[in-house]
Amino acid sequence: MQHITAPAIPADRRTLVIMGVSGSGKTEISQGVAHTLGWRHIEADQFHPAENVERMRAGIPLSDDDRIHWLDALIEAMQASQTAGESFVLACSALKQRYRDRLRAAVPGLQFAHLDIDYATALQRVGGRAGHFMPTSLVDSQFATLESPADEAHVLVVDAVQPREQVIAQVCAWARRADTTEQPDMAEIDSANLAEPHADPIYAGRVASAFDRLTDGLMAVLMGFMVVAVFGNVVLRYAFGTGWAGAEELSRLAFVWLVFVGVASSMRRGELMRFSMLRDRFPLAARRLVDSASWLLVIAASLLAAMGAWSQVGYGWGNVSTVVGYPVVLGMLPVLGSMVALAVLALVQLANVWRRGAPISTPLNSLD
Ligand SMILES: Nc1ncnc2c1ncn2[C@@H]1O[C@H](COP(=O)(O)OP(=O)(O)OP(=O)(O)O)[C@@H](O)[C@H]1O
Ligand SMILES: O=C(O)[C@H](O)[C@@H](O)[C@H](O)[C@H](O)CO
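Everything quoted here is computed from the prediction, not taken from an experiment. Sequence positions are assigned chain by chain, starting from 1 and proceeding in written order. Working convention: letters from A go to chains and numbers from 1 go to ligands, in the order in which they are written. Whole-chain, interface and lining totals are the exception, using all residues; otherwise, since this is a predicted model, local features are given only for residues with pLDDT of at least 70 and side-chain atom pairs are given and counted only at 80 or more. Values shown for side chains rest on all heavy atoms present in the structure; no hydrogens or waters enter the calculation.

Undergrad: How should I be thinking about the packing of helix α1 (residues 26-37) against helix α7 (residues 164-175) in this particular structure?
TA: Working note: a packed helix pair is described by the angle between its axes plus the distance between those axes. At a minimum axis distance of 9 Å, the contact between α1 and α7 shows a crossing angle of 50°. With respect to α7, the element α1 is oriented oblique. Every pair of crossing elements has a handedness; the one defined by α1 and α7 is right-handed. Where α1 approaches α7, its residues Glu28, Ile29, Gly32, Val33, Thr36 and Leu37 are matched on the opposing element by Arg164, Val167, Ile168, Val171, Cys172 and Ala175. Angles shown run from 0 to 180 degrees and are taken between the N-to-C directions of axes, each axis being a line fitted to C-alpha atoms and, for helices, limited to the stretch in contact. Each helix is a run of DSSP H or I of at least 4 residues and each strand a run of E of at least 2, with the numbering of both proceeding from the N terminus. Oblique is the label for any angle not under 35 degrees, not over 145, and not in the 65 to 115 range, which are roughly parallel, roughly antiparallel and roughly perpendicular in turn. Definitions for this section: a left-handed crossing has its near helix turned counterclockwise from the far helix by less than a right angle. A right-handed crossing has that turn clockwise. Here, two residues are considered to be in contact whenever any of their heavy atoms come within 4.5 Å of each other.

Undergrad: Looking at this structure, I do not really get the pattern of salt bridges. What am I missing?
TA: Pairing is possible between side chains that carry opposite charge, provided their charged atoms lie close to one another. Any carboxyl oxygen of Asp or Glu within 4 Å of a side-chain nitrogen of Lys or Arg constitutes a salt bridge here. Applying the stated criterion across every chain, the model contains twelve salt bridges. Residue Asp66 is joined to Arg55 by a salt bridge in which the shortest nitrogen-to-oxygen separation is 3.6 Å. Of the two residues, Asp66 is situated in helix α3 (residues 64-83) and Arg55 in helix α2 (residues 50-57); the sequence distance between them amounts to eleven residues. Arg252 serves as the salt-bridge partner of Glu248, at 3.6 Å between the closest nitrogen and oxygen. Residue Glu248 and its partner Arg252 are both found in helix α10 (residues 246-269); the two are separated by four residues, about one turn of the helix. Ionic contacts of the salt-bridge type, sharing partners, join the residues Arg100, Asp101, Arg104 and Glu152 into one network.

Undergrad: It is not clear to me how the site of ligand 2 should be interpreted in this structure. Could you clarify?
TA: Neighbouring ligand 2 are the residues Ser22, Asp45, His48, Met56, Arg67, Trp70, Ser93, His132, Phe133, Met134 and Gln142. Whenever two N or O atoms come within 3.5 Å, that pair is a polar contact, provided that in protein one can donate a hydrogen and the other can accept it, and provided that, for residues adjacent in sequence, both atoms are side-chain atoms. A distance of 2.8 Å separates an oxygen atom of ligand 2 from a polar side-chain atom of Ser93. Across the complex, the protein chains shield 96% of the 330 Å² of accessible surface that ligand 2 would expose by itself. Under this grouping Gly is polar, as are all residues other than the nonpolar Ala, Val, Leu, Ile, Met, Phe, Trp, Tyr, Cys and Pro and the charged Asp, Glu, Lys and Arg. The class makeup of the residues in the shell around ligand 2 is four nonpolar, five polar and two charged. By convention in this text, a residue qualifies as near a molecule or strand provided that one of its non-hydrogen atoms is within 4 Å of it. We get accessible surface area from the Shrake-Rupley algorithm with a probe of 1.4 Å; when it comes to residues, only the shown protein chains can shield them.

What follows is the structure, encoded as C-alpha coordinates:
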(Lines give C-alpha, C1' and ligand atoms only; values in the text may rest on other atoms or scores of the structure.)
(Ligands and ions follow the chains in the order given, each with its own letter.)
Protein backbone atom coordinates (compact mmCIF):
# COMPACT_ATOMS: atom_id res chain seq x y z
CA MET A 1 0.00 0.00 0.00
CA GLN A 2 1.22 3.51 -0.74
CA HIS A 3 2.74 5.43 2.13
CA ILE A 4 1.19 8.87 2.46
CA THR A 5 2.21 11.36 5.12
CA ALA A 6 -0.85 13.21 6.45
CA PRO A 7 -0.47 16.97 6.20
CA ALA A 8 -0.20 18.94 9.44
CA ILE A 9 -3.58 20.09 10.73
CA PRO A 10 -3.61 23.90 10.45
CA ALA A 11 -3.38 25.68 13.81
CA ASP A 12 -6.88 27.19 13.47
CA ARG A 13 -8.44 23.73 13.17
CA ARG A 14 -7.01 22.09 16.25
CA THR A 15 -9.97 22.75 18.52
CA LEU A 16 -12.82 20.26 18.51
CA VAL A 17 -15.96 19.58 20.51
CA ILE A 18 -17.46 16.09 20.51
CA MET A 19 -21.15 16.75 21.16
CA GLY A 20 -24.39 14.82 21.51
CA VAL A 21 -27.03 13.60 23.88
CA SER A 22 -26.28 11.54 26.95
CA GLY A 23 -25.12 8.04 25.98
CA SER A 24 -23.98 9.05 22.50
CA GLY A 25 -20.41 8.20 23.54
CA LYS A 26 -18.91 11.69 24.00
CA THR A 27 -16.59 10.68 26.81
CA GLU A 28 -15.22 7.53 25.24
CA ILE A 29 -15.02 8.79 21.68
CA SER A 30 -13.38 12.08 22.66
CA GLN A 31 -10.78 10.22 24.70
CA GLY A 32 -10.00 8.02 21.70
CA VAL A 33 -9.80 11.02 19.38
CA ALA A 34 -7.60 12.98 21.80
CA HIS A 35 -5.33 9.99 22.14
CA THR A 36 -5.06 9.41 18.41
CA LEU A 37 -4.43 13.04 17.53
CA GLY A 38 -2.22 13.69 20.57
CA TRP A 39 -4.51 16.52 21.72
CA ARG A 40 -5.54 17.49 25.24
CA HIS A 41 -8.80 15.97 26.44
CA ILE A 42 -11.30 18.12 28.34
CA GLU A 43 -14.38 16.51 29.91
CA ALA A 44 -17.27 18.98 30.31
CA ASP A 45 -18.98 16.85 32.95
CA GLN A 46 -16.14 17.70 35.32
CA PHE A 47 -17.06 21.39 35.07
CA HIS A 48 -20.70 21.07 36.13
CA PRO A 49 -21.29 22.76 39.51
CA ALA A 50 -22.40 20.31 42.21
CA GLU A 51 -26.00 21.66 42.00
CA ASN A 52 -26.22 20.71 38.31
CA VAL A 53 -25.05 17.19 39.02
CA GLU A 54 -27.53 16.89 41.90
CA ARG A 55 -30.34 18.10 39.64
CA MET A 56 -29.54 15.54 36.99
CA ARG A 57 -29.13 12.80 39.57
CA ALA A 58 -32.61 13.71 40.83
CA GLY A 59 -34.01 13.44 37.29
CA ILE A 60 -34.44 17.20 36.74
CA PRO A 61 -33.31 18.41 33.29
CA LEU A 62 -30.91 21.35 33.27
CA SER A 63 -32.29 24.71 32.16
CA ASP A 64 -30.49 27.37 30.11
CA ASP A 65 -29.71 29.18 33.35
CA ASP A 66 -28.21 26.04 34.85
CA ARG A 67 -25.96 25.64 31.86
CA ILE A 68 -24.71 29.20 31.47
CA HIS A 69 -22.01 29.17 34.17
CA TRP A 70 -20.99 25.72 33.12
CA LEU A 71 -20.49 26.93 29.53
CA ASP A 72 -18.44 29.86 30.78
CA ALA A 73 -16.26 27.53 32.83
CA LEU A 74 -15.74 25.45 29.67
CA ILE A 75 -14.75 28.58 27.77
CA GLU A 76 -12.13 29.32 30.41
CA ALA A 77 -10.76 25.78 30.18
CA MET A 78 -10.60 25.91 26.37
CA GLN A 79 -8.90 29.29 26.35
CA ALA A 80 -6.42 28.18 29.02
CA SER A 81 -5.57 25.19 26.86
CA GLN A 82 -5.07 27.42 23.82
CA THR A 83 -2.91 29.84 25.81
CA ALA A 84 -0.76 26.87 26.81
CA GLY A 85 -0.30 26.19 23.08
CA GLU A 86 -2.31 22.97 23.19
CA SER A 87 -4.78 21.50 20.74
CA PHE A 88 -7.83 20.07 22.48
CA VAL A 89 -10.89 17.84 22.21
CA LEU A 90 -13.78 18.81 24.47
CA ALA A 91 -16.49 16.27 25.33
CA CYS A 92 -19.60 18.41 25.80
CA SER A 93 -23.31 17.88 25.16
CA ALA A 94 -23.66 21.38 23.51
CA LEU A 95 -27.26 20.50 22.72
CA LYS A 96 -28.56 23.89 21.57
CA GLN A 97 -27.27 26.13 18.83
CA ARG A 98 -26.99 29.06 21.23
CA TYR A 99 -24.69 27.01 23.51
CA ARG A 100 -22.51 26.17 20.55
CA ASP A 101 -22.48 29.79 19.39
CA ARG A 102 -21.38 30.90 22.84
CA LEU A 103 -18.46 28.44 22.69
CA ARG A 104 -17.64 29.48 19.10
CA ALA A 105 -17.62 33.16 20.01
CA ALA A 106 -14.90 32.46 22.57
CA VAL A 107 -12.90 30.05 20.39
CA PRO A 108 -13.18 31.14 16.75
CA GLY A 109 -13.14 28.27 14.28
CA LEU A 110 -14.21 25.76 16.93
CA GLN A 111 -15.26 22.52 15.21
CA PHE A 112 -18.05 20.20 16.34
CA ALA A 113 -18.43 16.47 15.71
CA HIS A 114 -21.99 15.47 16.50
CA LEU A 115 -22.36 11.87 17.67
CA ASP A 116 -25.73 11.15 16.15
CA ILE A 117 -27.63 8.39 17.89
CA ASP A 118 -31.19 7.08 18.11
CA TYR A 119 -33.29 7.19 21.25
CA ALA A 120 -33.37 3.42 21.87
CA THR A 121 -29.57 3.09 21.71
CA ALA A 122 -29.05 6.11 23.98
CA LEU A 123 -31.51 4.69 26.50
CA GLN A 124 -29.84 1.31 26.44
CA ARG A 125 -26.35 2.78 26.87
CA VAL A 126 -27.31 5.14 29.70
CA GLY A 127 -29.19 2.31 31.43
CA GLY A 128 -26.30 -0.09 31.01
CA ARG A 129 -23.75 2.19 32.63
CA ALA A 130 -23.03 1.66 36.32
CA GLY A 131 -22.13 4.40 38.81
CA HIS A 132 -23.01 7.42 36.64
CA PHE A 133 -25.22 10.25 37.91
CA MET A 134 -27.27 10.50 34.70
CA PRO A 135 -30.60 8.60 35.03
CA THR A 136 -32.37 7.05 32.03
CA SER A 137 -35.39 9.27 32.81
CA LEU A 138 -33.44 12.25 31.44
CA VAL A 139 -32.79 10.74 28.01
CA ASP A 140 -36.15 12.06 26.75
CA SER A 141 -35.29 15.63 27.68
CA GLN A 142 -31.85 15.31 26.08
CA PHE A 143 -33.50 14.53 22.73
CA ALA A 144 -36.14 17.23 23.26
CA THR A 145 -33.40 19.82 23.87
CA LEU A 146 -31.12 18.74 21.04
CA GLU A 147 -30.96 21.09 18.06
CA SER A 148 -29.11 19.42 15.21
CA PRO A 149 -25.89 21.25 14.24
CA ALA A 150 -25.94 19.72 10.73
CA ASP A 151 -26.40 23.07 8.96
CA GLU A 152 -23.79 24.96 10.96
CA ALA A 153 -20.20 25.63 9.85
CA HIS A 154 -17.30 23.27 10.65
CA VAL A 155 -19.57 20.43 11.74
CA LEU A 156 -19.31 16.71 11.17
CA VAL A 157 -22.32 14.51 11.85
CA VAL A 158 -21.23 10.97 12.53
CA ASP A 159 -23.34 7.86 13.04
CA ALA A 160 -22.49 7.02 16.67
CA VAL A 161 -24.25 3.67 16.63
CA GLN A 162 -21.28 2.27 14.76
CA PRO A 163 -18.49 0.54 16.72
CA ARG A 164 -16.34 2.93 18.75
CA GLU A 165 -13.21 2.42 16.65
CA GLN A 166 -15.11 3.34 13.51
CA VAL A 167 -16.53 6.51 15.04
CA ILE A 168 -13.07 7.54 16.31
CA ALA A 169 -11.49 6.86 12.91
CA GLN A 170 -14.14 8.94 11.13
CA VAL A 171 -13.77 11.89 13.47
CA CYS A 172 -9.95 11.76 13.18
CA ALA A 173 -10.12 11.50 9.38
CA TRP A 174 -12.35 14.57 9.34
CA ALA A 175 -10.06 16.47 11.72
CA ARG A 176 -7.17 15.70 9.37
CA ARG A 177 -9.06 16.63 6.22
CA ALA A 178 -7.23 18.75 3.71
CA ASP A 179 -10.08 21.19 3.12
CA THR A 180 -12.36 22.72 5.77
CA THR A 181 -15.46 22.33 3.61
CA GLU A 182 -14.81 18.70 2.85
CA GLN A 183 -16.67 15.82 4.53
CA PRO A 184 -14.55 12.65 4.49
CA ASP A 185 -15.52 9.77 2.27
CA MET A 186 -16.05 7.18 4.99
CA ALA A 187 -15.60 4.32 2.54
CA GLU A 188 -12.06 5.48 1.87
CA ILE A 189 -10.95 5.21 5.45
CA ASP A 190 -8.47 2.35 5.67
CA SER A 191 -10.29 -0.63 7.09
CA ALA A 192 -7.07 -1.68 8.84
CA ASN A 193 -7.28 1.53 10.89
CA LEU A 194 -10.91 0.85 11.75
CA ALA A 195 -10.02 -2.50 13.25
CA GLU A 196 -7.87 -0.84 15.87
CA PRO A 197 -9.78 0.60 18.84
CA HIS A 198 -7.82 3.60 20.15
CA ALA A 199 -4.85 2.11 18.28
CA ASP A 200 -1.79 4.29 18.10
CA PRO A 201 0.74 2.44 15.95
CA ILE A 202 4.28 2.73 17.25
CA TYR A 203 5.76 3.34 13.85
CA ALA A 204 4.57 3.18 10.29
CA GLY A 205 6.08 2.77 6.85
CA ARG A 206 7.72 0.04 4.85
CA VAL A 207 9.51 -1.68 7.75
CA ALA A 208 6.23 -1.71 9.70
CA SER A 209 4.36 -3.26 6.76
CA ALA A 210 7.05 -5.94 6.36
CA PHE A 211 6.92 -6.63 10.10
CA ASP A 212 3.12 -6.90 9.98
CA ARG A 213 3.22 -9.25 6.99
CA LEU A 214 5.79 -11.46 8.71
CA THR A 215 3.97 -11.63 12.04
CA ASP A 216 0.51 -12.01 10.46
CA GLY A 217 1.77 -14.79 8.18
CA LEU A 218 3.50 -16.58 11.04
CA MET A 219 0.40 -16.38 13.22
CA ALA A 220 -1.82 -17.69 10.42
CA VAL A 221 0.51 -20.66 9.81
CA LEU A 222 0.78 -21.43 13.54
CA MET A 223 -2.97 -21.16 14.03
CA GLY A 224 -3.62 -23.38 11.00
CA PHE A 225 -1.14 -25.95 12.26
CA MET A 226 -2.71 -26.00 15.73
CA VAL A 227 -6.21 -26.46 14.34
CA VAL A 228 -5.15 -29.31 12.07
CA ALA A 229 -2.98 -31.00 14.71
CA VAL A 230 -5.47 -30.81 17.58
CA PHE A 231 -8.62 -31.45 15.54
CA GLY A 232 -6.94 -34.19 13.44
CA ASN A 233 -5.75 -35.93 16.58
CA VAL A 234 -9.23 -35.88 18.11
CA VAL A 235 -10.71 -37.36 14.92
CA LEU A 236 -7.99 -40.00 14.75
CA ARG A 237 -8.50 -40.91 18.40
CA TYR A 238 -12.30 -41.11 18.46
CA ALA A 239 -13.07 -42.19 14.90
CA PHE A 240 -10.18 -44.56 14.25
CA GLY A 241 -8.95 -45.51 17.72
CA THR A 242 -5.47 -44.27 16.90
CA GLY A 243 -3.67 -40.90 17.19
CA TRP A 244 -0.50 -38.91 16.63
CA ALA A 245 1.65 -38.78 19.75
CA GLY A 246 3.47 -35.62 18.64
CA ALA A 247 0.34 -33.51 18.12
CA GLU A 248 0.06 -32.31 21.70
CA GLU A 249 3.72 -31.46 22.08
CA LEU A 250 3.93 -29.62 18.78
CA SER A 251 0.69 -27.71 19.22
CA ARG A 252 1.91 -26.58 22.64
CA LEU A 253 5.09 -25.32 20.97
CA ALA A 254 3.01 -23.60 18.28
CA PHE A 255 0.91 -21.97 21.02
CA VAL A 256 4.00 -20.52 22.73
CA TRP A 257 5.14 -19.07 19.37
CA LEU A 258 1.65 -17.74 18.66
CA VAL A 259 1.45 -15.89 22.00
CA PHE A 260 4.85 -14.22 21.71
CA VAL A 261 4.59 -13.36 18.02
CA GLY A 262 1.11 -11.95 18.82
CA VAL A 263 2.49 -9.77 21.62
CA ALA A 264 5.10 -8.20 19.32
CA SER A 265 2.53 -7.71 16.56
CA SER A 266 -0.01 -6.06 18.90
CA MET A 267 2.67 -3.85 20.39
CA ARG A 268 3.61 -2.53 16.92
CA ARG A 269 -0.02 -1.74 16.22
CA GLY A 270 -0.45 0.00 19.56
CA GLU A 271 -3.16 -2.45 20.59
CA LEU A 272 -1.81 -3.56 23.97
CA MET A 273 -4.00 -2.69 26.93
CA ARG A 274 -3.23 0.54 28.72
CA PHE A 275 -4.76 2.49 31.58
CA SER A 276 -4.70 6.21 30.97
CA MET A 277 -7.54 7.54 33.12
CA LEU A 278 -5.25 9.55 35.43
CA ARG A 279 -2.56 10.26 32.86
CA ASP A 280 -5.08 11.85 30.47
CA ARG A 281 -5.96 14.47 33.07
CA PHE A 282 -2.38 15.77 33.34
CA PRO A 283 -1.14 18.76 31.33
CA LEU A 284 0.96 17.98 28.26
CA ALA A 285 4.38 18.26 29.95
CA ALA A 286 3.37 15.95 32.81
CA ARG A 287 1.83 13.48 30.33
CA ARG A 288 5.14 13.33 28.51
CA LEU A 289 7.01 12.61 31.73
CA VAL A 290 4.54 9.88 32.71
CA ASP A 291 4.70 8.36 29.22
CA SER A 292 8.49 8.45 29.22
CA ALA A 293 8.63 6.76 32.63
CA SER A 294 6.16 4.09 31.40
CA TRP A 295 8.15 3.34 28.28
CA LEU A 296 11.42 3.20 30.22
CA LEU A 297 9.78 0.65 32.53
CA VAL A 298 8.57 -1.35 29.51
CA ILE A 299 12.13 -1.34 28.10
CA ALA A 300 13.55 -2.50 31.43
CA ALA A 301 10.93 -5.24 31.88
CA SER A 302 11.35 -6.48 28.30
CA LEU A 303 15.13 -6.61 28.60
CA LEU A 304 14.82 -8.47 31.89
CA ALA A 305 12.51 -11.02 30.26
CA ALA A 306 14.88 -11.27 27.27
CA MET A 307 17.78 -12.01 29.63
CA GLY A 308 15.68 -14.72 31.29
CA ALA A 309 14.87 -16.19 27.89
CA TRP A 310 18.55 -16.08 26.93
CA SER A 311 19.55 -18.08 30.00
CA GLN A 312 16.78 -20.57 29.14
CA VAL A 313 18.26 -20.85 25.64
CA GLY A 314 21.60 -21.78 27.25
CA TYR A 315 19.85 -24.33 29.43
CA GLY A 316 17.83 -25.85 26.58
CA TRP A 317 20.78 -26.01 24.21
CA GLY A 318 21.49 -29.64 23.26
CA ASN A 319 18.25 -30.92 24.88
CA VAL A 320 15.43 -32.39 22.83
CA SER A 321 11.73 -32.79 23.55
CA THR A 322 10.55 -36.14 24.87
CA VAL A 323 8.08 -37.19 22.16
CA VAL A 324 9.00 -35.61 18.82
CA GLY A 325 12.61 -34.86 19.67
CA TYR A 326 12.71 -31.24 18.50
CA PRO A 327 15.44 -29.04 20.05
CA VAL A 328 13.98 -27.61 23.27
CA VAL A 329 15.59 -24.29 22.41
CA LEU A 330 12.82 -23.81 19.82
CA GLY A 331 10.44 -23.09 22.69
CA MET A 332 12.69 -20.31 24.07
CA LEU A 333 13.45 -18.48 20.84
CA PRO A 334 10.05 -16.78 20.41
CA VAL A 335 10.27 -15.42 23.97
CA LEU A 336 13.73 -14.03 23.32
CA GLY A 337 12.80 -12.57 19.91
CA SER A 338 9.54 -11.10 21.14
CA MET A 339 11.08 -9.46 24.21
CA VAL A 340 13.88 -7.90 22.16
CA ALA A 341 11.26 -6.61 19.68
CA LEU A 342 9.23 -5.16 22.57
CA ALA A 343 12.28 -3.38 23.98
CA VAL A 344 13.09 -1.88 20.54
CA LEU A 345 9.47 -0.82 19.96
CA ALA A 346 9.30 0.75 23.42
CA LEU A 347 12.49 2.67 22.64
CA VAL A 348 10.91 3.98 19.40
CA GLN A 349 7.80 4.93 21.36
CA LEU A 350 9.92 6.77 23.92
CA ALA A 351 11.30 8.87 21.06
CA ASN A 352 7.73 9.35 19.73
CA VAL A 353 6.60 10.80 23.07
CA TRP A 354 8.86 13.77 22.46
CA ARG A 355 8.25 13.99 18.74
CA ARG A 356 4.46 14.03 19.17
CA GLY A 357 4.53 17.52 20.64
CA ALA A 358 5.45 18.81 17.21
CA PRO A 359 2.63 19.53 14.77
CA ILE A 360 0.59 16.41 14.01
CA SER A 361 2.45 15.61 10.81
CA THR A 362 4.94 13.08 12.09
CA PRO A 363 5.18 9.70 10.36
CA LEU A 364 2.99 8.35 13.14
CA ASN A 365 0.02 9.99 11.55
CA SER A 366 0.64 8.67 8.12
CA LEU A 367 -1.87 6.44 6.44
CA ASP A 368 -0.36 3.23 5.21
N1 LIG B 1 -19.88 3.28 19.70
C2 LIG B 1 -20.24 2.66 20.82
N3 LIG B 1 -20.70 1.40 20.77
C4 LIG B 1 -21.11 0.77 21.91
N5 LIG B 1 -21.09 1.33 23.14
C6 LIG B 1 -20.65 2.58 23.24
C7 LIG B 1 -20.20 3.31 22.11
N8 LIG B 1 -19.82 4.54 22.52
C9 LIG B 1 -20.02 4.56 23.85
N10 LIG B 1 -20.51 3.39 24.28
C11 LIG B 1 -20.92 3.05 25.65
O12 LIG B 1 -22.07 3.81 25.95
C13 LIG B 1 -22.01 4.29 27.27
C14 LIG B 1 -22.09 5.81 27.24
O15 LIG B 1 -20.87 6.32 26.69
P16 LIG B 1 -20.25 7.67 27.20
O17 LIG B 1 -20.23 7.72 28.69
O18 LIG B 1 -18.97 7.89 26.48
O19 LIG B 1 -21.38 8.65 26.63
P20 LIG B 1 -21.59 10.18 26.94
O21 LIG B 1 -22.19 10.78 25.72
O22 LIG B 1 -20.33 10.80 27.45
O23 LIG B 1 -22.68 10.13 28.05
P24 LIG B 1 -22.97 11.24 29.18
O25 LIG B 1 -23.20 12.52 28.48
O26 LIG B 1 -24.19 10.75 29.87
O27 LIG B 1 -21.77 11.26 30.08
C28 LIG B 1 -20.75 3.76 27.89
O29 LIG B 1 -21.04 2.60 28.62
C30 LIG B 1 -19.89 3.43 26.70
O31 LIG B 1 -19.03 2.35 26.97
O1 LIG C 1 -26.35 19.63 28.81
C2 LIG C 1 -26.69 18.74 29.56
O3 LIG C 1 -27.85 18.38 29.76
C4 LIG C 1 -25.62 18.01 30.29
O5 LIG C 1 -24.35 18.37 29.86
C6 LIG C 1 -25.82 16.54 30.11
O7 LIG C 1 -25.66 16.21 28.77
C8 LIG C 1 -24.94 15.76 31.05
O9 LIG C 1 -23.80 16.48 31.48
C10 LIG C 1 -24.47 14.46 30.54
O11 LIG C 1 -25.33 13.83 29.68
C12 LIG C 1 -24.18 13.55 31.69
O13 LIG C 1 -22.99 13.03 31.50
